[in-house]
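Each chain, written out:
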Amino acid sequence: MRVLFITSTRLGDAVLTTGLLGHLVDQMPDARFTIACGPIAAPLFHAVPRLDEIIAMPKRRLAGHWLDLWRQVVGRRWDLVVDLRDSAVSRLVLARRRATFRGGDDRQPKVVSLGRVLGLEPPPAPRLFLNDAVRAEARALVGPDEGAPILALGPAANWTGKEWPGDRFAALALRLLAGPLAAGPQAVLGPARVMVLAAETERPRCATVLGALGAALGAGRIIDLVGRTDPLLAGACLERVRLFVGNDSGLMHVAAAAGVPTLGLFGPTPSHLYAPWGPRARAVVAPAVEPGASPEARMAALSLDQVADAAADLLAGM
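Here's what I pulled together on the structure shown here. (Residues numbered from 1 in each chain as written. Predicted model: local features only at pLDDT ≥ 70, side-chain atom pairs only at ≥ 80, totals over all residues. Heavy atoms only, no water.)

A closer look at the sheet that holds strand 5 (residues 80-83)
Strand order across the open sheet formed by 5 strands is 3-2-1-5-7, with parallel pairing between neighbours. Only two strands of the sheet have a single partner each, and these edge strands are strand 3 (51-56) and strand 7 (98-100). Sheet twist, expressed as the mean angle between neighbouring strand axes with direction ignored, is 10°. Alignment of strand 5 against strand 7, held across 3 bridges, turns out to be parallel. Counterpart to Val81 in the pairing with strand 7 is Arg98. Sitting on the sheet, helix 3 (residues 64-73) touches strand 1 (2-6), strand 2 (32-37) and strand 3, and the angle it makes with strand 3 is about 155°. (Pairing = 2+ DSSP bridges. Helix = DSSP H or I, 4+ residues; strand = E, 2+ residues; numbered from the N terminus. Axes fitted to C-alpha atoms, helices over the stretch in contact; angles between N-to-C directions. Contact = heavy atoms within 4.5 Å.)

In structure tokens:
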């Protein structure tokens, strides 16, 4: 059996579709999968079981990327095409069955709307397809597991209007390391460390966090993974952490899909649609600001106390 799975260009949206893909992997044990997605999201799918091909689709002028995809898949007969982009491609190939996402309910989380594409209620949770090789690579980056807690931070996003101020990320880390992450039997195993993840292009926006934490804790307690991971390797590294706190971003969704306690920080974007999904995930939302204020001002209105209290509550419930 052949399945064509057409998913998102953006990393976060692609992560939210992995629950559907995992459901198909589980329920169709004889199927082989071809996955079409954006280049940034492509590494997410490298370890999908029974994978035939990943077709990365860099955007082209005049929607030429869709024509490129059609040329690559039109010569095959598909048992199932799942099209989460509602593209013409899924209607212009031979397929025994099609399932298409035609837009979600703006009152429901995106994961719920996606689940309805296959009639799944409740929807399957996003997941990561990790294997021994990528986990070994993560161990080499993070170091041996000595039992001491690791706090992970995602201080960047694809738009600066979604970013909480960097100095507050640093202050939050120091507060959590002196409080919830210092308590309990794990504290005797060694001092907690802080992992910082972002793309290399986002390094300048992480400089405040890295500089403040390095000065306060010393370089030996900082795991600087900025620019050193793809999305799948980031997920394998995040499996090792006690808590992730980050802006509304693809990395936030990767953390939640990895099963890590995840706190997402929201301001101008809709948390009811894109909050991290899962029983170990929460969103904290910035308070309203005066009309006409910038997105950056909305994020700045999210106080250190509000985030620290939400993080402590999340840890206490685990």
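Focus: the nonpolar core
Membership of the largest hydrophobic core comes to 59 residues, with the highest contact counts inside it found for Leu21, Leu24, Met195 and Leu238. The dominant element in this core, judged by the number of residues it contributes, is helix 8 (residues 231-238), at 6 residues. Among all residues touching Leu21, those that are not within four sequence positions of it are Phe5, Phe33, Ile35, Phe45, Val48 and Phe129. Val194, Cys206, Leu265 and Val284 belong to the second-largest nonpolar core, a separate cluster that totals 36 residues. (Core = buried A, V, L, I, M, F, W, Y, C linked by side-chain atoms within 4.5 Å. Buried < 20%, exposed > 50% of the residue type's maximum accessible area, 1.4 Å probe, protein only.)

A short note on the environment of Val196
On the secondary structure map, Val196 appears in strand 9 (residues 193-196). Taking the C-alpha atoms as reference points, Val196 and Leu153, separated by 43 residues in sequence, lie 5.0 Å from one another. Ignoring any residue separated from it by four or fewer positions in sequence, one finds Val196 in contact with Leu153, Pro155, Val209, Leu210, Ile223, Asp224, Leu225 and Val226.

Some thoughts on the packing of helix 6 (residues 166-178) against helix 7 (residues 203-217)
Where helix 6 meets helix 7, the closest approach of the two axes is 7 Å, and the angle between their N-to-C directions is 35°. The way helix 6 lies across helix 7 gives a crossing that is right-handed. Contacts between helix 6 and helix 7 pair Gly166, Asp167, Phe169, Ala170, Ala173, Leu174 and Leu177 from the former with Thr208, Val209, Ala212, Leu213, Ala216 and Leu217 from the latter. Residues that form the contact of helix 6 with helix 7 fall into these classes: 10 nonpolar, 2 polar and 1 charged. (Left-handed = near helix turned anticlockwise from the far one by under 90°. Nonpolar A, V, L, I, M, F, W, Y, C, P; charged D, E, K, R; others polar.)

Describing helix 12 (residues 304-316)
One full turn of an α-helix is made of 3.6 residues, so residues set three or four places apart face in the same direction. When the terminal C-alpha atoms of helix 12 are compared, their 18 Å separation across 13 residues agrees well with the 18 Å that a helix rising 1.5 Å per residue should span. Lining the buried residues of helix 12 we find helix 6, strand 11 (243-247), strand 12 (262-266) and strand 13 (281-285). (Expected span 1.5 Å × (residues − 1).)

What to know about the sheet that holds strand 12
Pairing is parallel in the open sheet, where 6 strands are placed in the order 10-9-8-11-12-13. Each having just a single partner strand, strand 10 (222-224) and strand 13 make up the two edges of the open sheet. Mean inter-strand twist for the sheet, computed between neighbouring axes without regard to direction, equals 20°. Where strand 12 and strand 13 come together, 5 bridges link them in parallel fashion. Residue pairing across strands places Phe266 opposite Val285, the latter belonging to strand 13. Of the strands in this sheet, strand 11, strand 12 and strand 13 are in contact with helix 12, which crosses strand 12 at around 155°.

Structural notes on the side chain of Asn247
For Asn247, the position within the fold is in strand 11. Of the polar contacts made by the side chain of Asn247, one reaches the backbone oxygen of Ala156; its length is 3.5 Å. Within the structure, Asn247 has its side chain in polar contact with the backbone nitrogen of Trp164 (distance 3.0 Å). Setting aside its immediate chain neighbours within four residues, Asn247 contacts Gly154, Pro155, Ala156, Ala157, Lys162, Glu163, Trp164, Phe169, Met252, Leu265 and Met299. (Polar contact = N/O pair within 3.5 Å; in protein donor to acceptor, adjacent residues only side chain to side chain.)

Remarks on the side chain of Lys162
Secondary-structure assignment places Lys162 in the loop between strand 8 (150-154) and helix 6. Among the polar contacts listed, one links the side chain of Lys162 to the backbone oxygen of Asp248, at a separation of 3.1 Å. Not counting chain neighbours up to four residues away, the residues in contact with Lys162 comprise Ala157, Asn247, Asp248, Thr269 and Met299.

Here's the deal with helix 8
Extensive coverage of helix 8 is indicated by the burial of 8 of its 8 residues. When helix 8 is considered as a whole, its buried residues turn out to be Pro231, Leu232, Leu233, Ala234, Gly235, Ala236, Cys237 and Leu238. Against helix 1 (11-16), helix 5 (132-142), strand 8, strand 9, strand 11 and helix 9 (250-257) lie the buried residues of helix 8. Here helix 8 starts with a cap whose side-chain oxygen sits 3.0 Å from the backbone nitrogen of Leu232, and that cap is Asp230.

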